[in-house]
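In case you want the letters, here they are:
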Amino acid sequence: MSQVDFEDTNRHGREEPLTGHELRDIKDAADLYQSGSFKLQIDALLPNVRPKESSRQQLDHFLIALRAHCISIPSIEPLNPFVAAKVLAKQGVAVPLTFPPPSRDVKWKVAFEPPREICVVGSWGNGITVKKQSGSRFGVDLAVEMPETLFQEKDYLDGRFFHKKSYYLAVLAQSISTTFDVDAFYSSAHGDPRLTTLVLRPRNGSISHNFAKSHAEVHVIPVLSSSSPLSPSRLFPSHSNVRIPSTSSSLPFPTPIYNNAILLSTYAKVALMSTYGLKNALPAFHDAYTLLRVWANQRGYGDGELCVKGFEGKGLFWAGLLHYLISGEELVGTKSGGVKLRRPLGKGLSSYQLFKAVLDFLANQKFGETAVFTKTTNGHRCPPEEYITHHPAVFVDATSTINFLSDVPLTSLDLLSHDAKETLEQLNNPGASSDTFADCFLKNRSKLSSRFDAVIRVDLSQASRNQSTSALVEHGSSDTALLASISSTLRRGLGNRTQAIAILQPATPCYPISSGESPSTSTVHIGLIYDPAHAFRLVDHGPSAEDQDSNVAKEFRDLWGSRAELRRFKDGRITESVVWEVTTSDERGHIPVSIVRHLLQLHFGISIKYTRTLQTPFDSILRLPDGVRCLHRAAGGYKAALTAFDGVVRNLKALDEQLPLALLNVSPISEYLRYTSTFAPLPIPTSASTELPESLRFLPTIPIILEFEKSSKWPDDLKAIQKIKLAFFEIIAQSLMSSNPGLKASVAIGDSSDIFQGCAALEIFTAEGWSFSAFIWHDREATLLDRIIGPSKMFVGPSDQQYNAREQREAKVAKELYTWRFIHAPRHHRAIANLCHKYSAYSGTVRLVKRWLAAHWLLQIHVSEEAIEIICAIPFVGGKQKSTESAATVPHSKERGFSLVLEFLTDWKWEEPLCLPLYEDDLPAAAPEVWTSNGPDVIAVHRLRAFAKEASKALRDAETELDIKSLFLHPTNDYDIVIQLNPAVLPRYYQNVNAESSIWNGNSPLGIMESTPRPGFDPLPLFLADLQSMFADTLKFFADPLGGDRIGAIWLPGLDSPRSFRALAGFSSKPLLKGDKANDKGFVILNRQAVLDDIGRLGTGLVQKIIVHERM
């Protein structure tokens, strides 16, 4: 290129520099989004959650025709509401019923006149519609303005406005359904008939008005005009606008929710213009609103499969949030009297910044304590004190008339705050999740088991519906009043035990216009998110004995019923209190659920059998059968095992004077000493050994590492070092037995032929029945093994010798064992033990996942227990090293942790590395693949993913204990071979998921029983190791290491094809028969029957039968 060409090109580049907008996008991608791909994902998401312009034409034609028709509907003369309803009923249309119903002799009448104005409002009218959850239709809100001549000044009293509105809607439904070829339904948000709308959907096969391509439905909403005779001042929260005839004199009660429902009928056009102004004034408003709605819809704050109580049909709230943050607030008053002002956000923020600002506000706003008032133009129309006094939560719009949260329970707002905190943690720590974008915007959070620490399914069909008249007036229906009462009662009862309580109900279904009543809610789900600092306390304290006659004491006794009692505590206090008696740690973990069940039964008549939770069946999966625990007389458990370990350490430390080197440290490396074994360990004292049948005699061996002080007297030869270790073990064994009566110690030598491998161990059997296996760590061994594996020319001496290839292979195996046992295992043990102490649910999560993997024949054989312990840490630590248990993303129950791990296993790509900062330093492990070096391979990974996917789906649909147990039942149809073992000779059989008690209750078939326990003896893994060694090139084996009595196997692919005969082919073969395709005498095929015969001979006395599944 010439100099002139270079200059021209350079000048052309300067003529079109990057614009300020482009530069800001580049900077935002690096700084704000913390990832360029995250910004690209957001940009790709936005157009896909909005309606397509190309599909709106038919819908627009229908709306134009609908408007023309509604304006031309003839007027109907004023009629008595009952007479008018009968006329419509004869035409197949019902008038939606509202409470309180009118009396038959009312003087006011209902009528119909054509609407004065019809316009599209809501998000569709402003062009900011967002796709709903589960592919539901877009909602097109059509505001039909009812003429003011239909109303009188006092129609705000006794539900008169709602009766007239319902009649007006019914007339529209009758006329539209007979004129247009569409399906017409009623829909009542929250089941509140006062909020009933007419829903129009395209009818299948319709030709004239088929707008199905728009994937939308039209909501016809009758609204009040701004010139209606109803005075807004009569609808302030403190006003009582419903008078219920009663024989007893009753004081009037405020009706704030009722009043707010009337005011909502005047707000549609105001909200339309307000949002339109924000959209034009703030370029990022549209995208920010879209992100917010997508985020909310995925979490049930809207229409969907399960909706958070109070948020169905709450589209105005989300636009109001952005309006509040952008415009600022008029006044924020707290119930304690404090006042503060919030400054508005700048209008130059990006959509992502606005979205995060909303999340930050929701995460930190305590709606139950602080009222929120959006900035107004003319000040407050209603005194703020009225909102604060009569509404639990206050969020008032810019007109100072509408409280967006009037009918939203505080429990739902607590959940909203928690979800916002969780999302902020994910966005601010992108390494905490494998896919932050999907977690925030794509994943459907309707799977309750992974969202809540406890889930209770409540059948409301048996609930006592004796709500007060005021509650029915306020909430509009019996169902809504019942759920509001349940919400407030549970929030009082659980207190600070939970961070959030969610009441989730199915979205209110549409119902035919021939029916005037919305379907009742039969089932709800109550989700609890625990506060680990308080959730499991045993006592709830109330007022002291001196305040027995106070209102607080009366409320406490009314709340708890017979469980409330006066108690004296150790510090001398005498208080009203509720004590929750528990006998096990599992029962303590159920205290919050027990509180919910008690309150539901006491206050609402819902017995325990109508409240289902899935915690108890999970507990039984990790608990040994009752008959086994009765036969094992010794008390086991993790604390007992740790106590026994501490005793062994003290005994070993006491031998310093009898040993040539001082013992510096004793390190545990066993799952039994870090709370992660599937079953709590059980000791077997010698005295009890003879009384136990063979199928109950498994005694786990707990490995420990002995580290002595450094000394130059250790030999420089590996064989000599092993002999020195034997001498150490012999001295320790004799000294321990002489100083501790009842303790037994012996030197055990493995059967390995590797001369470099340290196969010797000191077996210690305590008087209480615990078994320990001790190994000596000498760091010089690693150096000597490295010299054999790869001799260094820097250290060549006369004593050096050349090693053959076999010795180098043996040294390499010995080095791997040394690194695993003495370097990685202690380090891993410390990290996992720290997690168990830091996170209360981590231990239970690991135990459940191990139980599940073992039940599906993958644990130990294909996936190491250490790898599973690391994977189970993901929901707790993610990519953050300094996370705490109070973090919003951390599960606080083993059931939720188990569900989250299943989700991870379903989606995780095993081919990609997984790095978690679990260890005490930030340096990566020297051999990060140490826990996966022996698996899983491709076959095991595919099986694991399939099992995780099915288990995750079953867990989402599970409702009974039987459903939970099915997660741990393993199908065997896809195995080519199933080897059935004799359970009577398996000492671990009692841990089987489907263990039969008759095996250990009957007489042992083995004759004479050994009086001494056999620590660690389990025939199944020994037999399995022999099978894997002999048939490694023929079969792949699977088995349950936790009490399994079957071994599954599949033929390795490619063995059926003929191949040339050769010696040491690796599998049993036979010559091809005549007539085969390749009938050359030099070709052989797999001899399956010979393999089966060999397996049978190898398992003589252990194998009962071999089942062969023939493939078609």
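Here is what the cut-offs are and how they apply
- Residues numbered from 1 in each chain as written.
- Predicted model: local features only at pLDDT ≥ 70, side-chain atom pairs only at ≥ 80, totals over all residues.
- Heavy atoms only, no water.
- Core = buried A, V, L, I, M, F, W, Y, C linked by side-chain atoms within 4.5 Å.
- Buried < 20%, exposed > 50% of the residue type's maximum accessible area, 1.4 Å probe, protein only.
- Helix = DSSP H or I, 4+ residues; strand = E, 2+ residues; numbered from the N terminus.
- Contact = heavy atoms within 4.5 Å.
- Phe/Tyr/Trp six-rings, centres within 6.5 Å; stacked < 30°, edge-to-face > 60°.
- Lys NZ or Arg CZ within 6 Å of the ring centre and 35° of its normal.
- Pairing = 2+ DSSP bridges.
- Axes fitted to C-alpha atoms, helices over the stretch in contact; angles between N-to-C directions.
- Expected span 1.5 Å × (residues − 1).
- Salt bridge = Lys/Arg side-chain N within 4 Å of Asp/Glu carboxyl O.
- Parallel < 35°, antiparallel > 145°, perpendicular 65-115°, else oblique.
- pLDDT = per-residue confidence, 0-100.

S.K.: Explain the nonpolar core to me, please; I cannot follow it from the model alone.
M.R.: Buried together is how nonpolar side chains tend to be arranged in soluble globular proteins. One finds Leu706, Tyr842, Trp852, Phe898 and Phe968 to be the most contacted residues of the largest nonpolar core, which totals 143 residues. Broken down by element, the residue count for this core peaks at nine residues, all from helix 27 (residues 805-838). In contact with Trp852, not counting residues within four places along its chain, are Phe898, Leu902, Leu905, Leu944, Phe947, Ala948, Ala951, Leu967 and Phe968. Formed by 123 residues, the second largest nonpolar core is a distinct cluster that contains Leu169, Ala319, Ile402 and Ile513.

S.K.: Before we go on, may I ask you to explain the packing of aromatic side chains in this structure?
M.R.: Each pair of aromatic rings is reported with the distance of its centres and the angle of its planes. Throughout the structure, instances matching the rule amount to 43 aromatic pairs. Here the aromatic rings of Tyr301 and Trp318 are separated by 6.3 Å at their centres, their planes lie at 65 degrees, and the arrangement is edge-to-face. Here Tyr301 is found in the loop between helix 10 (285-298) and strand 8 (306-308), whereas its partner Trp318 is found in helix 11 (residues 315-327), with 17 residues between them in sequence. Residue classification places Tyr301 among the buried positions, given a relative accessible area of 0%. When the centroid spacing of 5.5 Å and the interplanar angle of 50 degrees are considered together, the rings of Tyr839 and Phe876 count as tilted. Of this pair, Tyr839 sits in the loop between helix 27 and helix 28 (842-855) while Phe876 is found in helix 30 (residues 874-877), placing the two residues 37 residues apart along the sequence. Summarising the burial analysis for this pair, Tyr839 and Phe876 share the class buried. Joined through ring pairs, the aromatic side chains of Tyr267, Trp295, Tyr301, Phe311, Phe317, Trp318, Tyr324, Phe361, Phe367, Phe395 and Phe404 make up one cluster. The aromatic ring of Phe82 is capped on one face by Arg104, whose charged end is 4.5 Å from the ring centroid.

S.K.: Just checking my understanding: could you explain the sheet that holds strand 18 (residues 565-568) for this structure?
M.R.: Strand pairing in a sheet is mediated by backbone hydrogen bonds. Such pairs are either parallel or antiparallel. Sheet architecture is open: three strands sit in the order 17-19-18, paired in antiparallel fashion. The open sheet has two free edges, formed respectively by strand 17 (539-544) and strand 18, since each of these has just one partner strand. On average, adjacent strands in this sheet sit at an angle of 50 degrees to one another, irrespective of strand direction. Where strand 17 meets strand 19 (residues 574-579), four bridges bridge the pair, whose relative direction is antiparallel. Directly across from Val539, in strand 19, lies its bridge partner Val579.

S.K.: How should helix 31 (residues 894-907) be read in this particular structure?
M.R.: Helical periodicity: at 3.6 residues per turn, an α-helix aligns residues three or four positions apart in one direction. The terminal C-alpha atoms of helix 31, which comprises 14 residues, lie 20 Å apart, in line with the 20 Å expected from a rise of 1.5 Å per residue. Burial analysis of helix 31 places 11 of its 14 residues in the buried class, the great majority of the element. Here helix 31 has its buried residues at Lys894, Glu895, Arg896, Gly897, Phe898, Ser899, Leu900, Val901, Leu902, Phe904 and Leu905.

S.K.: What am I meant to see in the sheet that holds strand 4 (residues 138-146) here?
M.R.: Overall, mixed pairing links the six strands, which are arranged 3-4-7-6-5-15 in an open sheet. Where the open sheet ends on each side, the last strands, each with one partner, are strand 3 (117-121) and strand 15 (511-512). Here nine bridges tie strand 4 to strand 7 (residues 216-224), and the two strands are oriented parallel to one another. The residue bridging Gly139 from the neighbouring strand is Glu217, located in strand 7. Relative to strand 6 (residues 196-202), helix 7 (residues 160-179) is tilted by about 15 degrees, and along the sheet it contacts strand 4, strand 5 (182-188), strand 6 and strand 7. Here helix 9 (residues 268-281) sits on the sheet and contacts strand 3, strand 4 and strand 7; the angle it forms with strand 3, its principal contact strand, is near 45 degrees.

S.K.: Looking at this structure, how should I read unusual backbone geometry?
M.R.: Backbone geometry follows two general trends: most residues other than glycine have a negative phi, and most peptide bonds adopt the trans configuration. Looking along the chain, the bond that leaves Phe99 and enters Pro100 is cis, with omega of 0 degrees. In this fold, Pro100 is placed in the loop between helix 5 (81-90) and strand 2 (110-112).

S.K.: I keep staring at the pattern of salt bridges and nothing clicks. Help me out?
M.R.: Any two side chains of opposite charge can pair if their charged atoms end up close together. If you walk through the whole model with that rule in mind, you get 47 salt bridges. A salt bridge links Lys164 to Asp155, with the shortest nitrogen-to-oxygen separation between them at 2.7 Å. Residue classification places Asp155 among the buried positions, given a relative accessible area of 0%. The residue Glu422 makes a salt bridge to Arg445 at a minimum N-O spacing of 3.2 Å. Taken together, the residues span a long stretch of sequence, with Glu422 in helix 14 (residues 410-428) and Arg445 in the loop between helix 15 (436-442) and strand 13 (454-459) at a distance of 23 residues. On the basis of relative accessible area, Glu422 is assigned to the buried category, the value being 4%. Connected through salt bridges with shared partners, the residues Glu671, Arg674, Lys850, Glu865 and Glu869 form a single ionic network.

S.K.: I tried to follow the packing of helix 11 against helix 12 (residues 351-364) on my own but got confused; where do I start?
M.R.: A pair of packed helices can be characterised by two numbers: the angle between their axes and the separation between those axes. Direction vectors running N to C along helix 11 and helix 12 enclose 95 degrees, while the axes themselves pass 10 Å from each other. In terms of their interaxial angle, helix 11 and helix 12 are classed as roughly perpendicular. Residue-level inspection shows Trp318, Leu321, Leu322, Tyr324, Leu325 and Ile326 of helix 11 in contact with helix 12, the latter providing Leu354, Ala357, Val358, Phe361 and Leu362.

S.K.: Just to check I follow, could you spell out the confidence of the model for the protein chain for this structure?
M.R.: Caution is warranted with low-pLDDT regions, since their predicted coordinates should not be read in detail. Confidence in the prediction for the protein chain averages 87 pLDDT; 90% of positions are at 70 or higher. A low-confidence stretch, residues 922-926 stays under pLDDT 50, and its non-local contacts, those more than four residues away or across chains, total five contacts. The low-confidence segment residues 1003-1008 (pLDDT under 50) makes four contacts with residues lying over four places distant or belonging to another chain.

S.K.: Would you mind going over the environment of Pro987 with me for this structure?
M.R.: Its location among the elements puts Pro987 in the loop between strand 26 (977-981) and helix 34 (998-1001). C-alpha separation for the pair Pro987 and Leu692, spaced 295 residues apart in sequence, amounts to 9.9 Å.

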